[in-house]
Every structure is written in structure tokens, then in C-alpha cells.
2 protein chains.
Amino acid sequence: MYNLTKFKIIKPANEVFEAFADPEKIKNFWFSSSSRWEQGNTVKLRYDEYNAEVDIDVIEVQPNKKIMFRWGTEGEGNIVTISLEEVDPSITIIEITEEGFKEDDNDLISHLLDNKEGWVYMLTCLKGYLEFGINQLRGAIVK
Amino acid sequence: MYNLTKFKIIKPANEVFEAFADPEKIKNFWFSSSSRWEQGNTVKLRYDEYNAEVDIDVIEVQPNKKIMFRWGTEGEGNIVTISLEEVDPSITIIEITEEGFKEDDNDLISHLLDNKEGWVYMLTCLKGYLEFGINQLRGAIVK
């Protein structure tokens, strides 16, 4: 089982890529990040509004094209692939796939729904930040 | 089965209510609406970017508190309840519940996920519109 979300950002791919990789940028629409996202790095992510913290292993980075990471450092977490396709010099289609949901999980549906909620929310916050400079859409989902 | 999404908007409840009820407002973050949302009305909604059109039956309206509607006019569509709670004079918690998903539907999970995607996306666009005056977050989900 996996979740896929696809979204249009009216910015070049390098700006979308840097929004994730650069700790000064990612905190404006998603997590605070302990360091730059580079292949092989372990990065600590914090979302203060939800008192959430997680380490990720950055498995693969292709600048301006692809970031693959695993939630957690024990080799057991889901794998996320962020793919960027610059369909026009000013338009990027970003596709996010999260894989690793277990079909025999009794709470599979609620895990998938929470996961989908998170990705759609983050992507809309990313659009607000990159296209309109707004960093205050974050932290509004009530759990 | 149902989907529930809860979201914080930093505006009074009457502004959040009017954003849905007033055709001049709702088109800025969601559908274009053929008329004001009043109890007993049938309203035609259009989302041009997705070439989507649907009639809804507005079942119940409690100004600044609650809107309940049914997708479709044949009495068979899912029922949506939008509840507003003004937790502070400038903060409203909006809760959206959609009910009517069939547990024996072979595509239940993908229907629930598409539905969750739509609600989270709309609510983030609503926040961008009401708090920051942005009406260009719409239409970015790629199907």
C-alpha cells in the first residue's frame, strides 16, 4: 500500500528542491530541519506545533529532481520519494509517494488517511510559501 | 465510514461562515457557487480547473455555526457537515465530516483518500484566502 499526491507549484524545480533541502527554507512550510538534506545524511525534523520529532535517513538525492528518504533510522520506517518534474521553466509538478503501509494493519485506513492529510497539507503550505511568501499556513490541522 | 478533518482559522466564525455561504467569497478558495447557501436551497457548484460540476442540497443552516448538505439531489449522495466553533473572538475551529462511504465498496480506500485530499486542500486554501487574501492556491492538485 502507498499514498501518492501530485501537486503543481508555479516555480522552477531548483526553487522547489531548495525549499526542502535548505534548513532556512523548509521550516517556513513544514518541519524545522537540523541540517541540509544531503544523500547519506541523517536529519532531525521537528514540528513544534505538534510536539513532533523524527529522524530521517536521506537515501538518495538528485538535485532539482528527486529526494528519497526513510522515516526513522532503524531501517523499518516508510520510504518517501519526492519527485520534481519541471514541465515549463516556471512550473514544477511535485509528486510524493510514501510506501510501506502494511495491509494487515488493523488501523490501515486511519494511518493512510492521516498520512494523506499530512502530505496534502504540507504541499499546500509549500505553494503558499514559494508563490506568495507566506509562512503562517503551518500548524492549523487540529488532531 | 466517514472522514473527519479539523482545522484552525484565525478569523471570527461569521467570516468563516460567510466564506462558504456567499457566492462572491467561496469561489476564491473552492467552488464557484450558483447562489447563496440557504437551508432548503439546491446550489450548483463548479470547479472549472477540474471541469467538475455538482448540485448540492443544503439540508440545514445555522448561521455562523453549522452547514449540512448532501452531494447530489437524488437523496443518495454523501452528507457533509461543516461545524464552526469560535474558541476565541478571533479564532474558529472548523470541523468537516463527510458520511456515507460504503464499507463494501471495493474502492473504499481510494474514495476515502481522494475525499480526505479534497477537504484538507480546500481548508488550507480557505485559510490562505481568509487570513492572507490569496485566491490562487486553488487548482493545484494534479489528478
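Model, not experiment: these values are computed from the prediction. The residue numbering used here restarts from 1 in each chain and proceeds along that chain's sequence as written. Here chains are named by letter from A upward and ligands by number from 1 upward, in the order in which they appear as written. For a predicted model such as this one, the threshold for reporting local features is a pLDDT of at least 70, and the threshold for listing and counting side-chain atom pairs is 80 or more; totals across whole chains, interfaces and linings nevertheless cover every residue. By convention in this description, side-chain values take in all heavy atoms of the structure and omit both hydrogens and water.

Attention now goes to the sheet that holds strand S7 (residues 91-99) of chain A. All names here are of chain A. Paired strands, in this sense, are two strands between which DSSP finds at least two bridges. Think of it this way: any DSSP run of H or I at least four residues long counts as a helix, any run of E at least two long counts as a strand, and we number them from the N terminus. Across the sheet, seven strands lie side by side as S1-S7-S6-S5-S4-S3-S2; this open sheet has antiparallel pairing. Pairing within the sheet leaves two strands with one partner each, and these edge strands are strand S1 (2-9) and strand S2 (32-33). Judged from the eight bridges that link them, S1 and S7 form a sheet pairing that is antiparallel. By the bridge assignment, Tyr2 is partnered in S7 with Glu99.

Right, let's get into the relation of the copies chain B and chain A. The two chain copies are connected by a rotation around an axis plus a translation along it. Each copy superposes on the other: chain B lies on chain A with an RMSD of 0.0 Å after a rotation of 180 degrees and an axial shift of 0.0 Å. Look at the turn and shift together and you get a two-fold axis relating the two. Copies are brought into register by a least-squares superposition over C-alpha atoms of residues with pLDDT of at least 70 in both.

This paragraph deals with the interface of chain B and chain A. For this analysis, residues touch if any pair of their heavy atoms sits within 4.5 Å. Contact residues are listed per partner, giving 29 residues for chain B and 29 residues for chain A. Reported buried area values correspond to the accessible surface (1.4 Å probe) lost by two parts on association, with both partners' losses combined. With both chains or domains summed, chain B and chain A bury close to 2,400 Å², and 79% of this area falls on carbon and sulfur atoms. Each reported salt bridge corresponds to a side-chain nitrogen of Lys or Arg within 4 Å of a carboxyl oxygen of Asp or Glu. Connecting chain B to chain A are two salt bridges. Among the ionic pairs, B:Glu117 bridges to A:Lys116, the shortest N-O distance being 2.6 Å. N or O atoms closer than or at 3.5 Å make up a polar contact, with two conditions inside protein: a donor-capable atom paired with an acceptor-capable one, and, for residues adjacent in sequence, both atoms drawn from side chains. Summed over the shared surface of chain B and chain A, the number is six residue pairs in polar contact (both at pLDDT 80 or more). Broken down by secondary-structure element, the contributors of at least two residues to the side of chain B that touches chain A are strand S1 (2-9) and helix H3 (108-132) of chain B.

Quick look at the pairing of strand S5 (residues 66-71) of chain A now. Residues and elements named next belong to chain A. Pairing between strand S4 (residues 52-62) and S5: five bridges, direction antiparallel. Bridged to Gln62 within S5 is Lys66. Here S4 folds back onto S5 in antiparallel fashion, the turn holding three residues, of which Asn64 has a positive phi close to 65 degrees. One ladder, built from five bridges, connects S5 with strand S6 (residues 79-88); its direction is antiparallel. Considered in S6, the bridge of Ile67 is made with Ile82.

Take the pattern of salt bridges next. Residue and element names in this part refer to chain A. Within the structure shown, the criterion is met by 28 salt bridges over all chains. Notably, a salt bridge pairs Lys44 with Asp55, separated by 3.1 Å at the nearest N-O pair. Here Lys44, found in strand S3 (residues 42-47), pairs with Asp55, found in strand S4; they are eleven residues apart in sequence, far enough to count as distant. Given a relative accessible area of 26%, Asp55 falls into the partly exposed group. Several salt bridges share partner residues, and in doing so they unite Lys44, Arg46, Asp48, Glu53 and Asp55 into one network. Note on exposure labels: buried denotes an accessible area under 20% of the residue type's maximum, exposed denotes more than 50%, and partly exposed covers the range between, all computed with a 1.4 Å probe on protein chains only.

At a minimum axis separation of 9 Å, helix H3 (residues 108-132) of chain A and H3(B) run at an interaxial angle of 35 degrees. When you trace H3(A) past H3(B), the crossing you get is right-handed. On the side of H3(A), the interface is formed by A:Leu108, A:Ile109, A:Leu112, A:Leu113, A:Lys116, A:Glu117, A:Val120, A:Tyr121, A:Thr124 and A:Cys125, while H3(B) contributes B:Leu108, B:Ile109, B:Leu112, B:Leu113, B:Lys116, B:Glu117, B:Val120, B:Tyr121, B:Thr124 and B:Cys125. Classifying every residue of the contact of H3(A) with H3(B) gives 14 nonpolar, two polar and four charged. Lines fitted to the C-alpha atoms define the axes, with helices restricted to the stretch that makes contact. Angles between their N-to-C directions range from 0 to 180 degrees. By definition, turning the near helix anticlockwise from the far helix through less than a right angle yields a left-handed crossing, and turning it clockwise yields a right-handed one. Classification used: nonpolar for Ala, Val, Leu, Ile, Met, Phe, Trp, Tyr, Cys and Pro, charged for Asp, Glu, Lys and Arg, polar for all others including Gly.

On to the nonpolar core. By convention a nonpolar core is built from buried Ala, Val, Leu, Ile, Met, Phe, Trp, Tyr and Cys residues, the set being connected through side-chain atoms within 4.5 Å. Within the largest apolar cluster, 79 residues are counted, with the highest numbers of intra-cluster contacts made by A:Trp30 and B:Trp30. Excluding its chain neighbours within four sequence positions, the residues that come into contact with B:Trp30 are B:Phe20, B:Trp37, B:Tyr47, B:Phe69, B:Trp71, B:Trp119, B:Met122 and B:Arg138. Among the nonpolar cores identified, the runner-up in size contains eight residues, and A:Phe101, A:Leu113, B:Leu108 and B:Leu112 belong to it.

Turning to the environment of A:His111, a few remarks are in order. Residues and elements named next belong to chain A. On the secondary structure map, His111 appears in helix H3. Overall, the relative accessible area of 38% leaves His111 in the partly exposed class. Sequence separation between His111 and Gly133 is 22 residues; the distance between their C-alpha atoms is 31 Å. Setting aside anything within four residues of it in sequence, one finds His111 in contact with Phe101 and Asp105.

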